[in-house]
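Below, each chain spelled out in residue letters.
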Amino acid sequence: MRAPRPQNRFDRVDVPDAPVSGSAAEGASAASGSASGMASDAAAGVAPDAAVGATVLDFGELAALRRRTAAQEAISHHMLGAAGVAVVPVPVLDALGVAALQLHLLRRLCDIYGVAYSEKRGRSVLLCCAQGLGLTWLGMAVGTSVMKVLPGLGLWAGIGSFGVLMGGSTYALGTVIERHFARGGTLDDIIPAEYATLLREQYERGRALVRRAMRPDMDDIEADARGDTGKNTEGRA
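Residues numbered from 1 in each chain as written. Predicted model: local features only at pLDDT ≥ 70, side-chain atom pairs only at ≥ 80, totals over all residues. Heavy atoms only, no water.

(A) Highlighting a nonpolar patch on the surface. Together, Leu 135, Leu 138, Val 142, Val 146, Val 149 and Leu 150 give the surface a local cluster of nonpolar side chains, amounting to about 570 Å² of exposed area. Mapped onto the secondary structure, Val 146 falls in helix 5 (residues 135–147). Judged by its relative accessible area of 45%, Val 146 is partly exposed. (Patch = residues over 30% accessible without salt bridge, like charges linked within 9 Å, V, L, I, M, F, W, Y side chains within 5 Å. Areas by Shrake-Rupley, 256 points an atom, 1.4 Å probe, with all protein chains shown as cover. Salt bridge = Lys/Arg side-chain N within 4 Å of Asp/Glu carboxyl O. Helix = DSSP H or I, 4+ residues; strand = E, 2+ residues; numbered from the N terminus. Buried < 20%, exposed > 50% of the residue type's maximum accessible area, 1.4 Å probe, protein only.)

(B) Molecular detail of helix 4 (residues 119–133). The terminal C-alpha atoms of helix 4, which comprises 15 residues, lie 21 Å apart, in line with the 21 Å expected from a rise of 1.5 Å per residue. For helix 4, the complete set of buried residues consists of Gly 122, Val 125, Leu 126, Cys 129, Gly 132 and Leu 133. Each buried residue of helix 4 lies within a common arc of 120° when the element is viewed along its axis, so the set occupies one face. Turned more than 90 degrees away from the buried face of helix 4 sit Lys 120, Arg 123, Leu 127 and Gln 131, all of them exposed. Positive phi appears at Gly 134, one or two residues downstream of helix 4, with a value of about 100°. (Expected span 1.5 Å × (residues − 1). Arc of directions from axis to C-beta.)

(C) Structural context of the layout of surface pockets. Roughly 580 Å³ of volume is contained in the largest pocket. What lines the largest pocket is a set of 28 residues, among which Ala 95, Ala 130, Trp 137, Leu 138 and Met 166 lie closest to the centre. Among the secondary structure elements, those contributing two or more residues to the lining of the largest pocket are helix 3 (91–113), helix 4, helix 5 and helix 6 (153–182). In the lining of the largest pocket, the residues fall into 21 nonpolar, five polar and two charged. (1 Å grid on protein atoms, 1.4 Å probe; cavity = no way out; pocket = protein on both sides within 12 Å on 5 of 7 lines; lining within 4 Å. Points joined across faces, edges and corners; volume = space filled by probe spheres on them. Nonpolar A, V, L, I, M, F, W, Y, C, P; charged D, E, K, R; others polar.)

(D) Quick peek at the side chain of Gln 102. Position of Gln 102 among the secondary structure elements: in helix 3. Engagement of the side chain of Gln 102 in a polar contact is seen with the side chain of Thr 170, the distance being 3.0 Å. Residues in contact with Gln 102, not counting those within four places in the same chain, are Leu 126, Met 166, Ser 169, Thr 170 and Leu 173. (Polar contact = N/O pair within 3.5 Å; in protein donor to acceptor, adjacent residues only side chain to side chain. Contact = heavy atoms within 4.5 Å.)

Spelled out as structure tokens, the structure:
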């Protein structure tokens, strides 16, 4: 019986594959994914740091957009509320009601932009904005408020005119404050004189918005004052 041939050192020896642990497999997969992601960014000409910066910028823009949207909603609501206070027939009470609404608007804008609120400083800002609108606006506000004590047409004319004036001024005040806060300002560092042009422009815009919102009611009031009704119109036709 032939003896077995001794194994040569150059002969092939099969060695079983060593098991790969789950952590090692996950690490290899993550490394492969990271490498492919970096390769795709490099192919697109975008650096990894730039991509991260763009994501952070998007979140910042989204937060600013949310604040501005909330501020615009608050301004619109308080504008219509100030116009609605015009139905108060007592001249002094209607002015106090508008001032309270405007202070509430300032507080709301401070909450939206994370600005410290002071009622004393808020009243000072209201006074400066009223001065910025001019003596003509102040005289019209007083005159239309006093008109409401007159019976009949004077009452309705005073309500409509006073509502437009107060709604427009509230809209202008809120818009100016919102612009100032959006630039990083506070109630303490605002200089109303710097916003005088913007204040007047937004006041006219606010008046137009209030008129548009009140137009159906104003048409009815004017028709009643003229004694025109649907039946009379049909009869004349």
